[in-house]
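Read off the chains here:
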Amino acid sequence: MEHPENNEEYKGLTVNAGIEQPSMINPYLKLRKKPRRRDFTVAEYVEGIVKGNVTILSQAVTLVESVKPEHQALAQEVIEKCLPYSGNSVRIGISGVPGAGKSTSIDVFGLHVLEKGGKLAVLAIDPSSERTKGSILGDKTRMEKLSVHPKAFIRPSPSAGSLGGVARKTRETVILCEAAGFDKIFVETVGVGQSETAVHSMVDFFLLIQLAGTGDELQGIKRGIMEMADGIVINKADGNNIEKAKLAASHFRNALHLFPTPDSGWTPKVLTYSGFYGLGVKEIWDMIDEYFVFVKKNGYFDYRRNEQAKYWMYETINEHLRDSFYNNPTIETMLAAKEQDVLNGRQTSFVAAKHLLDTYYRLLK
């Protein structure tokens, strides 16, 4: 088909320029710059925290979690100044298999303890991806009622690659929350594993949440985690699952008889409840209150707090030694070469590690 514009009779035809399109941005809109967050001094941080200012507390926790050396130095000063105001809370660790209903249970437990008065801080540890190092930090969305409670403070933190998923600075965060007047601290772990050892070393009561009707009940009876638990609760004991929950509870009770008596002298109890329907929650907290009366009477409460302080001193030493080693410029250069030697079979892992450590020790002299 022939195009008419190619015809000779249209030779003098000119095409006018189109209308200029207006900008998509409203010219009358005044763009306001987002105000830059003000940096506080150590004194301002401490004053705000002690007065219970949640905004300043949140910024201080962010400071504690930062890996920047200047932030770390500032955070340690803040913690040091807050230390005299801490130590006056009950710290409760809550753990369980993924899907056991930890976040839902914390929502119910938190509302129950807040009815008696006081303030509650929930430190929820969220697992970080080994690939991207990122975290979803979505625990707060599953604590619908607690997240809007004026006396509750929920802080999800990334595990940041620390052992078993325990946030590297949770211990320091506990001190800041206590200084801010929170007399009840919940520490939620990512699931059953090595993280429980670290959580156990920063809480006064360790609560293990289990499930019934998921297959082999003996799968939940793991010696390490069972020995650490001060109380075991079977969740989702409602509807058709009540009998299964009771059966699972009896299995756990029988298993506990096989373990030696804990250092506290307390015999862990096994209870059933429903976090979704809020059934049996009062009984659980009666048990926890009974535990605290028991351990404060026999002196184990203070003993455990002292042991925790000692444990974290050594943990901090280990962390600083590790950072000093890996951030040393000479070691950083050697690591890549030694890694290739190991991969190519020129050296064993142990010999390569020894060479690196020997070099590091010589640099310290």
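All values reported here derive from a predicted model rather than from experimental measurement.

Draft legend 1. The arrangement of the packing of aromatic side chains in detail. Scanning the model with the defined rule gives 17 aromatic pairs in all. Measuring from centroid to centroid gives 5.7 Å for Phe 109 and Trp 285, while their planes differ by 75 degrees, and the two rings are edge-to-face. Here Trp 285 lies in helix α9 (residues 281-298) and Phe 109 lies in helix α4 (residues 102-114), a separation of 176 residues in the sequence. The ring of Phe 182 is capped by Lys 119, whose NZ or CZ atom sits 4.5 Å from the centre of that ring. It is Lys 296 that lies over the ring of Phe 301; its NZ or CZ is 5.0 Å from the centre.

Draft legend 2. Seen up close, the side chain of Arg 304. Relative to the helices and strands, Arg 304 is located in helix α10 (residues 300-326). Classification of Arg 304 by relative accessible area gives buried; the value is 7%. Non-local contacts of Arg 304, meaning those with residues more than four positions away in its chain, are made with His 200, Val 203, Asp 204, Asp 230 and Tyr 291.

Draft legend 3. Fine view of helix α5 (residues 170-179). Most of α5 sits inside the fold, with 10 of its 10 residues counted as buried. Residues Thr 170, Arg 171, Glu 172, Thr 173, Val 174, Ile 175, Leu 176, Cys 177, Glu 178 and Ala 179 constitute the buried set of α5. Remark: Gly 181 follows α5 within two positions and exhibits a positive phi of approximately 95 degrees.

Draft legend 4. Representation of the pattern of salt bridges within the structure. Under the definition given, this model contains 12 salt bridges. Between Lys 116 and Asp 289 there is a salt bridge, with the nearest N and O atoms lying 3.3 Å from each other. Highlighted residues: Lys 116 in the loop between α4 and β2 (120-126) and Asp 289 in helix α9, separated in sequence by 173 residues. For Lys 116, a relative accessible area of 54% puts it in the exposed group. Taking the relative accessible area as the measure of exposure, Asp 289 reaches 35% and is therefore partly exposed. Linking Lys 282 and Asp 286 is a salt bridge whose minimum nitrogen-to-oxygen distance equals 2.9 Å. Taken together, the residues Lys 282 and Asp 286, both in helix α9 and 4 residues apart, mark about one turn of the helix. A residue is classified by how much of its surface remains accessible, and Asp 286, at 35% relative accessible area, is partly exposed.

Draft legend 5. Just a nonpolar patch on the surface, in detail. Together, Met 313, Tyr 314, Ile 317 and Leu 321 line one region of the surface with nonpolar side chains, adding up to about 400 Å² of accessible area. Its relative accessible area of 48% is what places Tyr 314 among the partly exposed residues.

Draft legend 6. Here's a closer look at the pairing of strand β6 (residues 231-235). Across the 5 residues of β6, 5 count as buried, placing the element largely inside the fold. The two faces of β6 match: Gly 231, Val 233 and Asn 235 on one face and Ile 232 and Ile 234 on the other face are all buried. The pairing of strand β5 (residues 205-211) with β6 spans 5 bridges and is classified as parallel. Bridge pairing links Ile 209 to Val 233 in β6.

Draft legend 7. Representation of the nonpolar core in the model. Core analysis: the biggest nonpolar cluster contains 49 residues, and Ile 49, Leu 176, Met 226 and Ile 234 have the highest contact counts within it. Filtering out sequence-adjacent residues up to four positions away, Ile 49 remains in contact with Ile 56, Leu 57, Ala 60, Val 78, Cys 82, Leu 176, Ala 179 and Ala 180. Of all hydrophobic cores here, the second largest spans 31 residues; its members include Ile 92, Phe 109, Met 287 and Phe 292.

Draft legend 8. Region of interest: the confidence of the model for the protein chain. The share of residues in the protein chain with pLDDT of 70 or more is 80%, and the mean pLDDT across the chain is 82. Note on residues 128-138: pLDDT under 50 across the span, and 19 contacts to partners over four residues away in sequence or across chains. Confidence drops under pLDDT 50 across residues 215-221; counting only partners more than four residues distant or on other chains, this segment forms 12 contacts.

Draft legend 9. Seen up close, the pairing of strand β4 (residues 184-188). Of all 5 residues making up β4, 5 are buried, and the element is well covered by its neighbours. Neither face of β4 is open: one carries Lys 184, Phe 186 and Glu 188, the other Ile 185 and Val 187, and all of them are buried. Two strands pair when backbone bridges link them, and strand β1 (residues 90-96) and β4 are joined in this way by 5 bridges, in the parallel orientation. The partner of Ile 92 across the bridge, within β4, is Phe 186.

Calculation notes
Residues numbered from 1 in each chain as written. Predicted model: local features only at pLDDT ≥ 70, side-chain atom pairs only at ≥ 80, totals over all residues. Heavy atoms only, no water. Phe/Tyr/Trp six-rings, centres within 6.5 Å; stacked < 30°, edge-to-face > 60°. Helix = DSSP H or I, 4+ residues; strand = E, 2+ residues; numbered from the N terminus. Lys NZ or Arg CZ within 6 Å of the ring centre and 35° of its normal. Buried < 20%, exposed > 50% of the residue type's maximum accessible area, 1.4 Å probe, protein only. Contact = heavy atoms within 4.5 Å. Salt bridge = Lys/Arg side-chain N within 4 Å of Asp/Glu carboxyl O. Patch = residues over 30% accessible without salt bridge, like charges linked within 9 Å, V, L, I, M, F, W, Y side chains within 5 Å. Areas by Shrake-Rupley, 256 points an atom, 1.4 Å probe, with all protein chains shown as cover. Pairing = 2+ DSSP bridges. Core = buried A, V, L, I, M, F, W, Y, C linked by side-chain atoms within 4.5 Å. pLDDT = per-residue confidence, 0-100.

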